[in-house]
Structures are given as structure tokens and as C-alpha cells.
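# Breakdown of the fold
Listed below, chain by chain, are the residues.
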Amino acid sequence: MSLTVTDTSERVTAPRQVDTVIIGSGFAGLGAAIKLTQKGKNNFLVLERGNDVGGTWRDNTYPGAACDVPSHLYSYSFALNPDWTRSFSTQPEIQKYISSVARKYNVLDKHVFGSDVTSVTWDESTHRWNIVASTGEYTAKVVVTAVGALCEPNLPPIKGIESFEGDVFHSAQWNHDVSLEGKRVAVIGTGASAIQIVPAIADTVSHLDVYQRTAPWILPRFDREYTGLEKFAFKRIPGFQRLSRTGIYAARETQVVGLAKKPALMRIFELIAKQQINKGIKDKSLRKKVTPNFRIGCKRMLISNAYYPALDRANVDLVTDGIAEVKANSIVTADGTERQIDALVVATGFHVTDSPAYQGIYGKGGKTLAQTFEEEGQQGYKGAAVANYPNMFFLVGPNTGLGHTSMVFMIESQLNYVIDALDTIDKHDIGVIEVRKDVQDEYNADLQDRMSNSVWMNGGCASWYLDKHGNNTTLWPDFTFRFRAITRKFDLAAYRSVAESDLPISAGNTVADTDIEVAAQ
Ligand code: N01
């Protein structure tokens, strides 16, 4: 469910000039809008391609969609919600929460909804970013990109998939106009989305084929409704909710020891997950098929109590032979078996290390962020800045992802950093600021060094955590409180900057071929 918000879409003719443009309004972009407003930095806009806030939680409306981090932690620290109905909230409740926060903090009028950003180009003569969106053109001194890692659906290049004549949709673009009742359905993928979809539709469809390429590790989901007494305590007993949040945070943080430092310790989780398999599945050959062959944690650990029992149903088949071809009404696997279907759900994840969003960001010298990441790997500094992309800050940038706890914690850490950066820019009248490449390189060398003992690098799996260079450029390889510590304050010394008044031409002039060499601090 998404709350209706005022549609502030507008079409502008001349470029609209603002201090800051935020792209995207999920947890990160919305958080940035709130923090900027609280700081009195009101000359900003949020360009959001959807018609509501919420980002991935607005888009992922598939049956069974829910968070695998408890909501008392998966929420803003400055907007705790005592009314969560259960420990692991469902998508509608999370979306309702995000919408209510946007209203409470009065930032909806800063949003330009329906604003699909097609290019963001650094103008070396004006020292501003030129932004082209479906709602018009904008210029900004600073751009904060908050597009998220899970926003561009990955459609698999499976032979013949375009010739399928039934209903077909990606998990993040669920078509609610299509009823799956009584239909023969196939789900491709067995990741976090698929294992929520499968049990949610298994008793509605007539038959379900689940196409598994790699078996995931699945742990129990300790989900339950909160009692009236608990909800009363969350609301009325001072500190109770924050204490509960801290307890969840601390318990989850212990996983970092196994994930990032001593993968052998993860065996204990494998034992628990194997019990889960035995509990949920009677058929021994099926148990074997769903048992992963890599160390738990190498790919994201999933949680579900309903997935294995769903696979064990008479009307559900797990198909482990690779898909050779999709035909008009069927899927053919490598062994030649053809299975008839009426509808196809593609739960194959997202473009994470190769997001199309990077193709439209043109930095110094006209190089796209996609090109930079292609050549150098997806590297940044503290997940917030990338050399050659001046006056641009990233939320949920490189190496800020997590496999064990709340992304909102990381987002709030980054918000501290970016808002402090904007304060620093104002305080020192900085016109252009850019992270130093040597500092960025040193930061990444240290990051990959710390990553080297982790389960993600040694767990024996292929995952979207790694880029094509074999580096893990998505995850933070340490305790999250360490990330909080390094992002508490903006570190100007890591950047080159030049004062607005020292720029060769003042912003707003458009003299061609003026190349700014950003002066060393
Ligand atoms: O995507 P995934 P997702 N042919 O990339 C398979 C978050 N999330 O949408 O493992 C056949 O995890 C692929 O197989 P393999 C969470 O961060 C959170 O499920 O690559 N199969 C895999 O099984 C999560 O990590 C929640 O071999 C193909 C699946 O598709 C992220 O979103 C809920 C294929 C993709 O799994 C993404 O999850 C849901 C092909 N060509 C999601 N290509 C919460 O609860 C891919 N696959 C918070």
C-alpha cells in the first residue's frame, strides 16, 4: 500500500537553479531532504522518478514482500515508530512509515515526482552540474545521488524470453492486474525476493516451477506480531524502544566476526540452516538439491520459515537444470525437458555493480561514472565521493552495503558525513570540492585488504557483491560502528577544494573551454 501524496510534478522550461539536487527519494534521499531542511539549507530539490517516496520499498510490491531486518532497527533513529505491528514488517507497513516520515518532516513540497533523470553533467565552465530530467532541466552546485543499489531490475539474457506469450514480469515490477490464480507459473531465481514470493503464491497457483541456479542458505525467521503490552511499552516507557533497537543492533553486529574476519565461525549458522532444511522438507532428494555448496554468508543469508515447506508441496517443483530456452508457452531446460507455463516471474535481482544510472553521470573530462567504474572498479571514498566527480556526494555508494544488519544505519552515517560536507562548503565558501585520488586509492587498498579474509572473498560462491575485477565493491567489510566513526565528521583534508571567489570565472558565466585545475589544499 502506498499513501497518496500531492503530485508536485512540474515541467520547467529554463534550467531551474538550486544549491543542491538530490536524486532519488528512498530512505537515503528522503533522509537527506529532511537533514537539509533541519539545517535550514532549503534551496534544494529532490528529483524522484516515481510518484511517491520510498524507493525500493515503493517498487517492490510482490506478494510476501517484507524486510529481513527487524523494523525497530530498520527505521530512522530520528523517527522511531512505536506502532510497528510485528518484528519483521511487511512492505506495505514500511512504505506507510516512509510516507508518514516524509509528511511529518514536511519535505514533500521539495520533491519533483515523475522526474526521471537522464543525464547529470559537470560543466567545467560554470562549476555546476547540469541535470536533464523528464520534468525539465536543472542546475545545481552540488548533486547528492541517492539512487540506491537495488533500483534497476536485472532481466536475464535467457534465449527466447522475449518470445514468451504469457504474462511476464520482474519481481520489482509486479503486475497486480494479472491474477495467478489457477495458473501454471514459473519463478526464475531463488534469492531474497524469490523465497518470499514462492510461499506467498504457492497455494494460489495450480502449479509452480522454481528455477534454481544456486541454492541459497536460509535461516529461521523469528517473526511474530507484537503484543499489546509490547506496543504499549514501546510507546509509553521512555527508552524502551531505543533499548530494544540497541539490542537488535548489538546481536546482529556479532555476525561481523564470522562474515568479515573468521569465516570458519559461520559453520554454526550452516548447522542451523541445515536443520531448517530437514524440518521443512521431507523428500531427501529435494533436501539435497536445496543444500548449498558454499560457505554460508558468501551470498546474502536469507531468512524464511515458509520457503522449504512451499517447495515440498505437491504442486511445486524445484528445477535445478539450467534454462536453455524460453518458448511462447514453456521453458526448456538443458536436459531437454519442456515445462508448460502461463506466467513467468523473473526474480533475478538488480544491476548492482553495473547500474545503468551510472551511464548518465558525466564527470570531469566528460567521462561517465560507468566508464570510470568499468576501468577502475566501483571505487569511492567512504561510499560518499568519487575522484573526478566534483561537488557530487553519494548515498549508498561503493562499499556501503551490508549482509547482516540495517542499511538505514549506514545511510544515517553517510548523512552525517554529507551534511557536514555541505556545512564545510558553506563555511569555507568552497566553490569546487573533489576527493583526492591518492586518498581514495589508499582507502580502497585498505578496504580490500580488510576484505581479504572475509567469507565474501573466500566462501566459494559467485555473487553480485563482486565486480568484474573480482573485488568486493558493494559491502562494508567491518563492524558498522566503525563506519559510523569514520563518517561522523567531514574530513576536508582528504579533498582538494577551491574557494568560490578564487574560481577563474564566477558561476553562472558560460565561457567555453575553461578548465579548472582544482587547487591543492
Ligand atoms: O535478487 P538476488 P533478489 N538464470 O540477486 C538468479 C534485497 N532484498 O531480488 O544465485 C537463472 O539476490 C540468481 O541465481 P545465482 C537483498 O539485499 C531484501 O532476490 O546468481 N537464474 C538468484 O537466485 C537482496 O540481496 C529483501 O546463481 C538467475 C536470483 O536470480 C537483494 O534485494 C527482500 C539468472 C537473484 O537473486 C536482491 O534480491 C528482497 C539467470 N540468468 C530483496 N540471473 C528484504 O527482506 C540471476 N538468477 C530486506
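Residues numbered from 1 in each chain as written. Predicted model: local features only at pLDDT ≥ 70, side-chain atom pairs only at ≥ 80, totals over all residues. Heavy atoms only, no water.

With that out of the way, let us pick up the overall build of the chain. For the chain, the helix and strand inventory stands at 15 helices and 20 strands. Principal-axis analysis of the C-alpha atoms places the extent of the chain at approximately 75 × 55 × 45 Å. Expressed as a percentage of the 521 residues in the chain, the buried residues total 56%. Residue pairs at least 24 apart in sequence account for 74% of intrachain contacts in the chain once pairs closer than 6 positions are excluded. Carbon and sulfur atoms make up 50% of the accessible area of the chain, which totals about 21,900 Å². Charged side chains in the chain number 55 positive and 58 negative. The centres of these two groups are separated by 9 Å. (Helix = DSSP H or I, 4+ residues; strand = E, 2+ residues; numbered from the N terminus. Buried < 20%, exposed > 50% of the residue type's maximum accessible area, 1.4 Å probe, protein only. Contact = heavy atoms within 4.5 Å. Areas by Shrake-Rupley, 256 points an atom, 1.4 Å probe, with all protein chains shown as cover. Lys, Arg positive; Asp, Glu negative; His and termini not counted. Charge placed at Lys NZ, Arg CZ, Asp CG, Glu CD.)

Entries for the chain in the domain assignment read domain 1 (2–152 + 358–519) and domain 2 (161–228 + 262–346). Domain 1 and domain 2 are separated by 32 Å when their C-alpha centres are compared. Opposite the 28 residues of domain 1 that make contact, domain 2 presents 25 residues. Roughly 2,300 Å² is buried in total at the junction of domain 1 and domain 2, and carbon and sulfur atoms are behind 52% of that figure. Linking domain 1 with domain 2 are three salt bridges. The partner of D223 in a salt bridge is R86, and the shortest N-O contact between them spans 3.2 Å. Where domain 1 touches domain 2, the interface holds 15 residue pairs in polar contact (both at pLDDT 80 or more). (Domains from an automatic or database assignment. Buried area = accessible area lost by both parts, 1.4 Å probe. Salt bridge = Lys/Arg side-chain N within 4 Å of Asp/Glu carboxyl O. Polar contact = N/O pair within 3.5 Å; in protein donor to acceptor, adjacent residues only side chain to side chain.)

Looking along a regular strand, one sees side chains alternate from face to face of the sheet. Counting buried positions along strand β20 (residues 495–499) yields four of five residues, so the element is predominantly enclosed. The pairing of strand β19 (residues 430–435) with β20 spans five bridges and is classified as antiparallel. Counted as the bridge partner of V435 is Y495 from β20. (Pairing = 2+ DSSP bridges.)

Within the structure shown, the criterion is met by 23 aromatic pairs. Where Y76 meets F78, the ring centres are 4.7 Å apart and the plane angle is 25°; that geometry is what we call stacked. Aromatic pair F234 and F240: ring centres 5.2 Å apart, planes at 35°, arrangement tilted. Among the aromatic residues, those joined into a ring-pair cluster are F27, W57, Y74, Y76, F78, W84, Y97 and Y105. We note R484 situated over the ring of F409; from NZ or CZ to the ring centre the distance is 4.0 Å. (Phe/Tyr/Trp six-rings, centres within 6.5 Å; stacked < 30°, edge-to-face > 60°. Lys NZ or Arg CZ within 6 Å of the ring centre and 35° of its normal.)

Let us now look at the environment of M451. Mapped onto the elements of the fold, M451 is located in helix α13 (residues 437–451). It is 7.5 Å that separates the C-alpha atoms of M451 and N472, two residues lying 21 residues apart in sequence.

The terminal C-alpha atoms of helix α12 (residues 407–427), which comprises 21 residues, lie 30 Å apart, in line with the 30 Å expected from a rise of 1.5 Å per residue. In terms of residue burial, α12 counts as a mostly covered element, since 17 of its 21 residues are buried. A side-chain oxygen of the first residue of α12 lies 3.1 Å from the backbone nitrogen of V408; this N-cap is S406. Following α12 by one or two positions, D429 has its phi on the positive side, about 50°. (Expected span 1.5 Å × (residues − 1).)

Attention shifts here to the side chain of D467. Note that D467 resides in the loop between α14 (455–458) and α15 (480–486). Put simply, D467 is tucked away with no salt bridge, and the nearest opposite charge, on K468, sits 8.5 Å away. Separated by 2.9 Å, the side chain of D467 and the backbone nitrogen of H469 make a polar contact. Residues contacting D467, with those up to four places away along its chain left out, are T353, G377, Q378 and T473.

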